[in-house]
Structures are given as structure tokens and as C-alpha cells.
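Fold and contact review
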Amino acid sequence: MYEELIAPSFRGVAYVLRNDEVVLEYAGGCRDYANELPNTIDTKFASASAGKVFVAVGILQLIEKGTLRFEDTIGELIRIDWKDIDPGITVEQLLQHTSGIPDYFDETVMEEYEELWVDYPNYKIRQNDDLLPLFIDKPMMYPKGTKFQYNNTGYVVLAMIIERLTRQPFDEYLRENVFEPCNMSGTGYYELDRLPAKCAVNYVWCNSAEDLRTNIFCVDAKGTGAGGAFITVKDIANFWKGLLEGKLLSTEMTASMLKKHSGEGDDPEEGYYGYGVWIIDGNGGEDIPYFQGCDPGVSFISEYNPNKNMISVYVSNYGDNVWKIARDIRNALN
């Protein structure tokens, strides 16, 4: 039934577990278009902003260890000249997108992520601090704590905090403390010019569906706290399981992570925000947490539906509409 809801033209992978049993395993399109190498269930896909959920878990782990507090401020944690940025912004405000910190990619102003690299080459972005020049001289977007606005810079700063406190690159910390405990062997932050085997190339349209180019000049050379992890759909399912089974956080902290903290909920398809996850109203049942990502040539969404004990993951390396698939399958369950 679920496979009937996926258009034959969909280029990517869909993976759904219900009651821990695989009820959908679909792969279409090519991970390498020119060489006609097909996508498979084990292909490593870019996931754009989806990686914020991993950063959130890393921060919450440090809070549970007593190394960090929700109320700690960026001025205390990162000793740089913040210029016109309020040094009193707290960790919690960064987590829930209420900080007002200037967003280096403000999605309300810029339409395409690749606009960032007109004056600042994307190949320079290989660690979080490399993004500082893109926001450090900008003013606050609004006074801290006064409203919700999705913000990429906030999660870059959270990754910088992880690096300052652990004295290791944030992706190494996440590998040791998030990916390995959840058996996510295919997940990592890879440089675009040094991709390992089985990684999908991401494609953007030029003039038609047959006229494609890769996104290598559109996105950061390596992912940061804002996103950019490569994942497999099975790894994402394992992440949900590990999170829900208490392998990453305490039961209480996991519940807080998946709780509504910010956002107005005006768009029922978008919902509210927790820590690193979006949350949709459960329509009389439990709320549904999800995380997502979108870059040129990248589309990703994964959700956990506690009312149906269902984990779903949808990803495309051509930017195909994974949100429609997620919505159609969710609605088919009602």
C-alpha cells in the first residue's frame, strides 16, 4: 500500500518501519547519474539541515553531564569579540531558535543557498569557525528571547560550543557519542572533494529534468552544526531507536527534547519546535516529532509517529518532494 503512494519518478530512498518491521523499502533514481549507478537502501545521502538534531543531542548530553547549562551564554562559552551580537544569548535560546543571532543564511531573505558563495567561496567552509565571517559583523535580528525564527547560525554556534568544551571537532564528538552508540556506521560529515564510497551525488536542474549539474558549488565543502551530514536511511531509523531507547539521553531529557518549546504552530504541516526537532500536533493522540533538511539537490525528512509506532525516512539526491510522500503516508494511516 505504501509503495503505491510513491511516484515512479521519485529519485531517492524511502524506508518505513512499523512495530519494528520494515513495511516500505523503496529506492529509485541514480546516485551517479552520468555512470547510471542506482540508488540503493545503503546509499549515503546528504541530509542538509537534518544534522541539527545530532548537534542538539550532543548539547543535551553535555548538559546532562554537568559540563554545560541551558542558561550559559555565548559570551561565557566562546571567547571572541561578538561585536554587535548580544553575548547574553543562552544555549537554550540557540537550541529553540529564539536567540535573534544574525543568520548567515536567512531563509526569509535569500531564496537559494548558493547565493552565499558569490563573494565567499564555499570551498573555504570546512569547519564551524569558517562561517564566522558570514555573520559576525551583522546586527541582531531581534532582541534575544522575544520570538521564534529558524536560524542556521544558532546551530553553528552550538557546534562551536561542543568543540570548545570537548576539545575535539564536533563531528568527532558526534561520531563517538551519537553515531557509534546507535550503530550508525554509514553516517558522517564528509568533505565534498573527499567523499567515501557509496555516497550519492546531488543534482540540481538547469533547464530541464535531463539537464543536470551537481551541487558541489552550491553548499559547504564540509558540513557544520547547521547541517551537512551524510546518512543512510537505516542509520536514521537506528538513531530514532537509540534516542527512544535511552542510549543517548535520559528518559526525562529525551521527553524534553521532543516537547514543544517554541514556534507559533500557524502552519500545521510545520508545527512547533523542540530541541533540534520540529513537532506536529498529534490530532488527539501524541505529538509527532520530525527533522528535515533542504539544500540545492537535497531533500530529506524523517519522523517518528508514536501513535502508530512508526519510523519513516525519505531522502532524495535530486531535491524531489519528500514532504508530499511523508504527508501522504501519514494521512493514509488515519
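Structure shown above.
Now for a description of the structure that goes with this document. (Residues numbered from 1 in each chain as written. Predicted model: local features only at pLDDT ≥ 70, side-chain atom pairs only at ≥ 80, totals over all residues. Heavy atoms only, no water.)

1. Quick word on unusual backbone geometry
- A positive phi angle, close to 60 degrees, is found at arginine 167, a residue other than glycine.
- Along the chain, arginine 167 turns up in the loop between α4 (152–166) and α5 (170–179).
- Backbone geometry places lysine 198, a non-glycine residue, at a positive phi of 70 degrees.
- Within the secondary structure, lysine 198 sits in the loop between α5 and β6 (203–208). (Helix = DSSP H or I, 4+ residues; strand = E, 2+ residues; numbered from the N terminus.)

2. Some details on the pairing of strand β1 (residues 12–18)
- Buried residues dominate β1, accounting for six of its seven residues.
- As paired elements, β1 and strand β13 (residues 310–316) share seven bridges and run antiparallel to each other. From the neighbouring strand, tyrosine 15 faces β13, where its bridge partner is valine 313.
- As paired strands, β1 and strand β2 (residues 21–28) are joined by seven bridges and run antiparallel to one another. Its bridge partner being in β2, valine 13 is matched across the sheet by alanine 27.
- Between β1 and the antiparallel strand that follows it, β2, lie two residues; asparagine 19 among them carries a positive phi value of about 55 degrees. (Buried < 20%, exposed > 50% of the residue type's maximum accessible area, 1.4 Å probe, protein only. Pairing = 2+ DSSP bridges.)

3. Some remarks on a negative patch on the surface
- On the surface, Glu264, Asp266, Asp267 and Glu270 cluster together to form a negatively charged patch.
- For glutamate 264, the location among the structural elements is in the loop between α7 (251–257) and β9 (272–273). (Patch = residues over 30% accessible without salt bridge, like charges linked within 9 Å, V, L, I, M, F, W, Y side chains within 5 Å. Areas by Shrake-Rupley, 256 points an atom, 1.4 Å probe, with all protein chains shown as cover. Salt bridge = Lys/Arg side-chain N within 4 Å of Asp/Glu carboxyl O. Lys, Arg positive; Asp, Glu negative; His and termini not counted. Charge placed at Lys NZ, Arg CZ, Asp CG, Glu CD.)

4. Considerations on the pattern of salt bridges
- Counted by the stated rule, this structure contains 20 salt bridges.
- Arginine 69 serves as the salt-bridge partner of aspartate 72, at 2.8 Å between the closest nitrogen and oxygen.
- For arginine 69, a relative accessible area of 45% gives the class partly exposed.
- Salt-bridge contacts for lysine 247 lead to glutamate 245; the nearest nitrogen and oxygen are separated by 3.8 Å.
- Where salt bridges share partners, they join Arg126, Glu191, Asp193 and Arg194 into one cluster.

5. Points about the packing of helix α1 (residues 52–64) against α4
- Contact geometry of α1 with α4 gives a least axis separation of 10 Å together with a crossing angle of 40 degrees. The angle between α1 and α4 falls in the class oblique. Considering how the two elements wind past one another, α1 and α4 form a crossing that is left-handed. Counted together, Lys52, Val55, Ala56, Gly58, Ile59 and Leu62 of α1 and Asn152, Tyr155, Leu158, Ala159, Ile161, Ile162, Leu165 and Thr166 of α4 form the full contact between these two elements.
- Of the residues assigned to the contact of α1 with α4, the class counts are ten nonpolar, three polar and one charged. (Axes fitted to C-alpha atoms, helices over the stretch in contact; angles between N-to-C directions. Parallel < 35°, antiparallel > 145°, perpendicular 65-115°, else oblique. Left-handed = near helix turned anticlockwise from the far one by under 90°. Contact = heavy atoms within 4.5 Å. Nonpolar A, V, L, I, M, F, W, Y, C, P; charged D, E, K, R; others polar.)

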